[in-house]
Amino acid sequence: MHWISRIVLVSVFMSAPALADQPMAPAGELRMVGSLRLHSVPRDDDLPAFLIGDDISRDAQGRVSLRGNAQVRRLDGVVKGDRIDYLPGTGDIEVAGHGLLMRDGSIVKGPRLRYNTGTSRGAVEAPEFWLGASAGQGRAAYADLLDRRHMRLDDVRYTGWNGPDPAWHIDASQVDLYLDENEGVARHGVLRFKGVPILYSPYLSFPLGRDRKSGFLLPTYGTSSNAGIELTTPYYLNLAPNYDATLSPRFMSKRGVLLGAEFRHLGQRSHSELFGAYIMRDRQTGDKRWLYSVQHTQNLGGGFQAYLDARKVSDDNYFRDFSSFGMTDAAITYMPSQALLTWSGGPHLSASLQFYTYQTLQDATGTFLAPPYNKLPELHVRAQHYNWNGFDVVSDNTATRFMAPIYQGDAFPAEANRRLMPNGLRMTSYTSVARPFVWPGAYITPKVGLHLSQYQTDWFYDSIQGLPPELLGQPDSQSRVLPISSLDAGLTFERQASLFGNAAIQTLEPRLYYLYVPYRDQSGLPVFDTGMATFSYQQAFDENIFSGGWDRIANANQLTAGLTTRWLDADTGFERVSLSVAQRFYFDDQKVTLPSQTARKASESDYLLGAHAALTDKFSVYFDGQFDHETSKRNRISAGMRWAPKRLATMALAYRYERDPNLYTDPYRILPPDAALQSHEQISFSTQWPLSARWFGVGRYDYSLAEKRNTQSIVGLEYRGEGGWAARTVLQRYAVSSEKTNTALFLQLELTGLGALGTDPMSLLSERITGYQSVNTPVSDKTVFERYE
């Protein structure tokens, strides 16, 4: 017996080609061995069989009988039992008592089994089985092993839950398991949950693991005030290893059937996703409604890459009417489409050519949105060389053709079919040279640059009404040359400190930034894509108070002073507390403005304050504010806190306020008496909290103080059951326009190892509930090595 065991061990080591592939390490050194992986197996006829048993005998016909702890082992499988009769000439094996067959990590047990090592055919009485690569398990009255990858079972009970007491199972008169195709097919299958039948099908196909397979996905259902009762029955097509498709007919009681389709393709140098939806006749509007979206990325070689993102909907209200899964889609106002070609010539040179268009979705109950310019096309070339003999040299060069769209919709008839803005060609070049000087705890960076601009404008004076007076009568061709210079300097001091009784390192980081830009009259230049930049701590150290394409470059003779202090954990370096303050000081009045904007006359900017603190590992707060330097009135505030004492328990509170930008970016502007202020003020609260050992509550509430209305509410309950299941019900109400809201109900039963019944609210909860976690413990992927014999 000991001699046989030693032979088995030797055969295992000799049949491990993974070791043979590794180079020999020098004596006394460790070497890395590859992770577990499958290897090619020789032809069945060439595989030796090793026999183990407490008693081994052989009769005149060559039949080998093994008694007591009997085993027949080959490289491709193991057979065990109390008694095994093995005929080496044919490979036939008969097992009586506690029979076990293991192949590729899958195990079949039964009181009696027959098996042929050559053909992989056999039969098992009253089998129990475990699918090692997928964790599926079950039992049956009888099993036919038709070949190595196909098993047929009679009177079956199957579940994908690998723990004790599964909450769900499938009962079927016959089940075929196709291991290579990752498919189980049940005839007259009944899905039972807690013993109660919830789904019947004469032909039920289900996955054996997490690999893709063709077939119907579990249906989703729900209800919303916009669409009524909804039912979606998606069908998945696993067309090839690198491309697939999903067809999703969606029935809505109030609107009809919306047909959806998605196609995905993954190539060696490309990736594509196509999605479309179409309804022949919306019962509410009587119109055809549709959506399409195409994304494609292509590596062309030679440093070239191409990207396409094209999307469009049939009408302004498509997302407001058909979004049942949250307010993200319903809030879409601009749908950009882009075709982009990029080139990288190494670390110093790159270029791109893009075409950029927008579809603007208007809200008839709100105010008209002026469609942004289309860029048809835009060419950008960038050259850069950092640390070139100590200098950083950067040159950005752009040529853009701006085309103003003409509104064709019917939401605002007064704005339709008329030209709102001029067209034009803008060419810009900005080349800068910086020389950083860096020392331990200090730096200073002088920088000079030259900005060149050339405009060729089609003013359309005869067809555009309402152009600002300063733009009337301007020539078609204009140019601008502006030098820009700055000096950026900072220090960092450190000292040993204490924070809440713990050792810490405190830093003090003062920073000064001086910017000088001479004045050039730019009032006659068109404004294609430039707006007032949001004043923030980062923007306070920028070169321009305008953002976008720099159709305006503000004159500047100013100094920005900032101070930051941090408390870092002495052992880990984790930032516990950060406090920042900044202000800009102006030595000249502002002379460059956007059309209809009043120039700044103050010598100081607003105060910028910031505070972020992780008071404990489970509780953190933050505050960012902008305050008027004269009146100390708030202009912008963002503040909040988060508490997460344990897994599945979190609370978050947020407050946001922004004063009407017309007032705080232009404090001297006089608004008409009947003008409505556009200030925004909102509070948000979200939570996931355990109500008991198995019940969990989730919720979010957004309230607009400026509009005096609730803009979004989410309330839900989750239950984590034993045996691999969870249930959720979530109710959401959200604003889809200035005057309309939508209410949606999500119901879901999640069965671990099978999928989920009902509309899936997980993406909604993950996005809207800060710190949300699934109540089900994630199930790790299984492999064929999971059960090693």
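Residues numbered from 1 in each chain as written. Predicted model: local features only at pLDDT ≥ 70, side-chain atom pairs only at ≥ 80, totals over all residues. Heavy atoms only, no water.

A. Broad picture of the overall build of the chain. Looking only at helices and strands, the chain features 6 helices and 47 strands. Split into buried and exposed, the 789 residues of the chain put 42% on the buried side. Once local pairs closer than 6 in sequence are excluded, the contacts in the chain between residues at least 24 apart make up 49%. Summing over all exposed atoms, the chain offers an accessible surface of approximately 40,800 Å²; the carbon and sulfur share of this is 57%. (Helix = DSSP H or I, 4+ residues; strand = E, 2+ residues; numbered from the N terminus. Buried < 20%, exposed > 50% of the residue type's maximum accessible area, 1.4 Å probe, protein only. Contact = heavy atoms within 4.5 Å. Areas by Shrake-Rupley, 256 points an atom, 1.4 Å probe, with all protein chains shown as cover.)

B. Seen up close, the pairing of strand β32 (residues 493–499). Relative to strand β33 (residues 502–517), β32 runs antiparallel, the two sharing 7 bridges. Bridged to serine 498 within β33 is alanine 503. Once β32 ends, the chain turns through 2 residues before running back antiparallel as β33, passing phenylalanine 500 with a positive phi of about 55 degrees. (Pairing = 2+ DSSP bridges.)

C. Representation of the pattern of salt bridges in the model. Under the definition given, this model contains 33 salt bridges. Across the pair aspartate 551 and arginine 426 runs a salt bridge, and its minimum N-O distance is 2.8 Å. With a gap of 125 residues between them, aspartate 551 in the loop between β35 (546–548) and β36 (556–569) and arginine 426 in strand β28 (residues 423–434) connect regions that are remote in the sequence. Accessibility expressed as a relative area gives 0% for aspartate 551, which makes it buried. A residue is classified by how much of its surface remains accessible, and arginine 426, at 4% relative accessible area, is buried. With its nearest N and O atoms 3.1 Å apart, the salt bridge here joins lysine 447 to glutamate 543. Of this pair, lysine 447 sits in strand β30 (residues 442–458) while glutamate 543 sits in the loop between β34 (530–532) and β35, and the two are 96 residues apart along the sequence. Classification of glutamate 543 as buried rests on a relative accessible area of 13%. (Salt bridge = Lys/Arg side-chain N within 4 Å of Asp/Glu carboxyl O.)

D. The confidence of the model for the chain, seen in detail. When the pLDDT values of the chain are averaged, the result is 85; 87% of them are 70 or greater. Predicted confidence is poor over residues 1–25, with pLDDT under 50, and the contacts of this stretch with residues over four places away or in other chains come to 25 contacts. Long-range and interchain partners of residues 667–671, a stretch whose pLDDT sits below 50, account for 11 contacts in this model, where long-range means more than four residues apart. (pLDDT = per-residue confidence, 0-100.)

E. Quick peek at the packing of aromatic side chains. Within the structure shown, the criterion is met by 25 aromatic pairs. A ring pair is formed by tryptophan 290 and tyrosine 292, whose centres lie 6.1 Å apart and whose planes are at 10 degrees; its orientation type is stacked. Overall, the relative accessible area of 28% leaves tryptophan 290 in the partly exposed class. Residue class for tyrosine 292 comes out partly exposed when judged on its relative accessible area of 35%. Centre to centre, the rings of tyrosine 356 and tyrosine 358 are 5.3 Å apart; their planes meet at 55 degrees, and the pair counts as tilted. The ring centre of tyrosine 586 lies 3.6 Å from the NZ or CZ of arginine 600, which sits over that ring. (Phe/Tyr/Trp six-rings, centres within 6.5 Å; stacked < 30°, edge-to-face > 60°. Lys NZ or Arg CZ within 6 Å of the ring centre and 35° of its normal.)

F. Structural view of a nonpolar patch on the surface. A surface patch of nonpolar side chains, amounting to about 670 Å² of accessible area, comprises Leu300, Phe304, Leu341, Leu349, Leu353, Phe355, Leu376, Leu379 and Val381. Of all elements in the fold, only β25 (349–360) and β26 (374–388) reach the threshold of two or more residues within the nonpolar patch. You can call valine 381 partly exposed: its relative accessible area is 31%. (Patch = residues over 30% accessible without salt bridge, like charges linked within 9 Å, V, L, I, M, F, W, Y side chains within 5 Å.)

G. Representation of the environment of glycine 122 within the structure. With respect to the helices and strands, the residue glycine 122 is situated in strand β7 (residues 122–125). Note on glycine 122: relative accessible area 13%, which makes it buried. In this structure, the C-alpha to C-alpha distance between glycine 122 and leucine 145, residues 23 residues apart in sequence, is 4.8 Å. If we ignore the near neighbours within four places in the chain, the residues touching glycine 122 are Arg114, Tyr115, Ala143, Asp144 and Leu145.

H. Here's a closer look at the environment of leucine 471. For leucine 471, the location among the structural elements is in the loop between β30 and β31 (477–491). Taking the C-alpha atoms as reference, leucine 471 lies 7.2 Å from serine 523; in sequence the two are 52 residues apart. For leucine 471, the contacting residues outside a window of four places in its chain are Trp459, Tyr461, Ser523, Gly524 and Leu525.

I. Geometry of the nonpolar core. Judged by nonpolar contacts, the single largest core of 40 residues is most densely connected at Val79, Ile84, Phe129, Leu153, Trp168, Val175 and Leu751. Per element, the largest residue contribution to this core is 5 residues, and it comes from strand β12 (residues 168–178). Counting 14 residues, the second-largest nonpolar core is a separate cluster that includes Ile484, Ile553, Ala582 and Leu608. (Core = buried A, V, L, I, M, F, W, Y, C linked by side-chain atoms within 4.5 Å.)

J. Structural detail: the side chain of asparagine 116. By the secondary structure assignment, asparagine 116 is in strand β6 (residues 106–116). With a relative accessible area of 10%, asparagine 116 lands in the buried category. A distance of 2.6 Å separates the side chain of asparagine 116 from the side chain of aspartate 92, its partner in a polar contact. Not counting residues within four places of it along the chain, the set of residues in contact with asparagine 116 comprises Thr90, Gly91, Asp92 and Arg121. (Polar contact = N/O pair within 3.5 Å; in protein donor to acceptor, adjacent residues only side chain to side chain.)

K. Looking closely at the side chain of histidine 629. Examined against the element boundaries, histidine 629 turns out to sit in the loop between β39 (619–627) and β40 (634–646). Classification of histidine 629 by relative accessible area gives buried; the value is 17%. Each residue touching histidine 629, except ones within four places of it in the same chain, is listed here: Gln583, Ala602, Glu604, Ser605, Asp606 and Tyr607.

L. Spatial organisation of unusual backbone geometry. The residue after leucine 376, namely proline 377, is reached through a cis peptide bond having omega -5 degrees. Locating proline 377 in the fold gives a position in strand β26. Notably, histidine 98 is not glycine yet its phi reads approximately 50 degrees, a positive angle. Along the polypeptide, histidine 98 turns up in strand β5 (residues 92–103). Judged by relative accessible area, histidine 98 falls into the exposed class, the value being 65%.

M. How the structure looks around the pairing of strand β18 (residues 235–240). In terms of strand pairing, strand β15 (residues 215–216) meets β18 through 2 bridges, oriented antiparallel. When the bridges of β18 are listed, glycine 215 appears paired with tyrosine 236. As defined by bridge partners, β18 adjoins strand β19 (residues 243–252) across 4 bridges and the pair is classed as antiparallel. Residue pairing for β19: tyrosine 236 is matched across the bridge by threonine 246. With antiparallel pairing between neighbouring strands as the criterion, β18 and β19 make up a hairpin whose turn holds 2 residues.

N. Structural detail: the environment of arginine 114. Mapped onto the elements of the fold, arginine 114 is located in strand β6. The spatial distance from the C-alpha of arginine 114 to the C-alpha of isoleucine 93 is 5.7 Å, given a sequence separation of 21 residues. Apart from residues no more than four positions distant in its own chain, arginine 114 is found in contact with Ile93, Glu94, Arg121, Gly122, Ala123 and Tyr142.

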